[in-house]
Amino acid sequence: MNIIDVKELSRNYGKLVAVDKVSFQVAEGEVFGFLGPNGAGKTTTISMLCTLLKPTSGEAVLCGHDVIKQRNQVRRCIGLVFQDPTLDEYLTAEQNLRFHAYAYHLSKELREKRINEVLTLVDLSDRRKSKVRTFSGGMKRRLEIARGLLHNPKVLFLDEPTLGLDPQTRRNIWDFILQLRKQQNLTIFLTTHYMDEAENCDRISVIDRGQIIALDTPEKLKDSLGGDVVTLTAEDNQAALKELKEKFALSPEIRDGHITFSIPQGEMFLPKLTQNFQSRLISIGIHRPTLDDVFLKLTGRAIRDTEAGEKDQLRRMSQRWRGRR
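My aim in this report is to walk through the structure given alongside it, one point at a time. Predicted, not measured: the structure shown is a model, and the values here were computed from it.

**Structural notes on the overall build of the protein**
Item 1. Across its full length, the protein holds twelve helices and 14 strands.
Item 2. Overall, the protein is about 75 × 45 × 35 Å in size when its C-alpha atoms are taken along their principal axes.
Item 3. Out of the 325 residues in the protein, the part that is buried amounts to 52%.
Item 4. In the protein, 71% of the contacts between residues at least 6 apart in sequence involve partners at least 24 apart.

**Focus: the sheet that holds strand E2 (residues 16–27)**
Item 1. If you walk across this open sheet you meet the four strands as E2-E1-E4-E5, and the pairing is antiparallel. In this open sheet, the two strands that pair with only one neighbour each are E2 and strand E5 (65–66).
Item 2. Inspection of the sheet shows strand E1 (residues 2–13) paired to E2 by eight bridges, in the antiparallel sense. Bridge assignment links Leu9 to a residue of E2, and that residue is Val22.
Item 3. The strands touched by helix H1 (residues 42–49) within the sheet are E1, E2 and strand E4 (57–62), with E1 carrying the most contacts at an inclination of about 120 degrees.

**Considering helix H3 (residues 93–103)**
Item 1. Of all eleven residues making up H3, eight are buried, and the element is well covered by its neighbours.
Item 2. Ala93, Glu94, Asn96, Leu97, Arg98, His100, Ala101 and Ala103 are the residues of H3 that are buried.
Item 3. In the core, the buried residues of H3 are packed alongside helix H4 (108–121) and helix H5 (137–149).
Item 4. Downstream of H3 by a residue or two, His105 has a phi angle that is positive, lying close to 60 degrees.

**Brief notes about the pairing of strand E7 (residues 155–159)**
Item 1. The element E7 is largely enclosed, with a buried count of five among its five residues.
Item 2. Bridge analysis of strand E6 (residues 78–81) against E7 gives four bridges, and the strand direction is parallel. Bridge assignment links Gly79 to a residue of E7, and that residue is Leu156.
Item 3. Strand direction decides the pairing type here: E7 and strand E8 (residues 187–191), joined by five bridges, are parallel. By the bridge assignment for E8, Leu156 is matched with Ile188.
Item 4. The parallel pair E7 and E8, bridged by helix H6 (residues 167–184), forms a crossover whose chirality is right-handed.

**Things to note about unusual backbone geometry**
Item 1. If you check the backbone angles, Thr51 has positive phi at about 70 degrees while not being a glycine.
Item 2. With respect to the secondary-structure elements, Thr51 resides in the loop between H1 and E4.
Item 3. The exposure class assigned to Thr51 is buried, which follows from its relative accessible area of 3%.
Item 4. Residues other than glycine seldom take positive phi values, yet Arg209 does so here, at roughly 55 degrees.
Item 5. Here Arg209 shows up in the loop between strand E9 (203–208) and strand E10 (211–216).
Item 6. Note on Arg209: relative accessible area 60%, which makes it exposed.

**Section: the pattern of salt bridges**
Item 1. Evaluated as defined, the whole model comprises 20 salt bridges.
Item 2. When the shortest N-O distance is used, the salt bridge between Arg114 and Glu117 registers 2.6 Å. Placement of the pair is Arg114 and Glu117 together in helix H4, with a separation of three residues, close to one helical turn.
Item 3. By relative accessible area, which is 7% here, Arg114 ends up buried.
Item 4. Among the salt bridges present, the one from Lys297 reaches Glu253, with a minimum N-O distance of 3.7 Å. Residue Lys297 is located in helix H11 (residues 291–299), and its partner Glu253 is located in strand E12 (residues 253–255); the two are separated by 44 residues in the primary sequence.
Item 5. In the salt-bridge network here, residues are joined through shared partners; they are Glu94, Arg98, Arg111, Glu112, Arg128 and Lys129.

Rules used in this analysis
Residues numbered from 1 in each chain as written. Predicted model: local features only at pLDDT ≥ 70, side-chain atom pairs only at ≥ 80, totals over all residues. Heavy atoms only, no water. Helix = DSSP H or I, 4+ residues; strand = E, 2+ residues; numbered from the N terminus. Buried < 20%, exposed > 50% of the residue type's maximum accessible area, 1.4 Å probe, protein only. Contact = heavy atoms within 4.5 Å. Pairing = 2+ DSSP bridges. Axes fitted to C-alpha atoms, helices over the stretch in contact; angles between N-to-C directions. Right-handed = clockwise from strand over helix to strand, strands pointing away. Salt bridge = Lys/Arg side-chain N within 4 Å of Asp/Glu carboxyl O.

What follows is the structure in structure tokens.
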């Protein structure tokens, strides 16, 4: 069963097409990753799904509700955890949650029940009376996730959920997220530029220039490269590039001063290459395909943080949304 169904969704800003007829589905209980370089359209797409932006055209249905015609119903079935911290650090953990509960008009009885439940869920019950400014980065992120879960959403949107956290804390947050998914059959829709995090997704959608250019499981996306990834540097990269094309019928590319190409059974190809290659090599390496390689192949760019201006815009929209609750 699909909990998110998107059909030819578009958003224009005058003549600029930010999102161009994207279509995809997300199954209930799925961890779905959304990846794209700066200005690709992923933030705009998520904003439309969360009712923060009105689509120019197309359709999107969440939990059976239309994002245009049934905005309030959509908002009740989703939780949002934005990249930038939005907790009030001068309030306690409990007070932050209570303020959010007021925004969702939870009754007093349900409000206190859910606050207790989510604090227990994120292992912060013993710090409920502590001010957030005394929390570590990982504790703050867990509290933000607890806030996103307070009203029992069916879909949790996570925008760069572990940005700026140390590797150990990132791993702990992901262990927690995946545990949540199992316990509550929660659908998780996330953006991330950490490719190791994207490995946790059931499926990944790559968006570039407003269009979805790939959508599949991490393994199938890596398999699509057609073999191992070879990276080499020569004294004359242009001459080496020409030789690789003519002698070995390869399709190499030059990126950041290095030549890269994919080939099946790369470890067996390397001896043949070094024995018959006329151009002088400075370095050569080989590795199994990664999602970084997939992203570079599909977009020609390395993934990086979304521009601050776009994030600021999304944060302002989220604040306006909370103010309308």
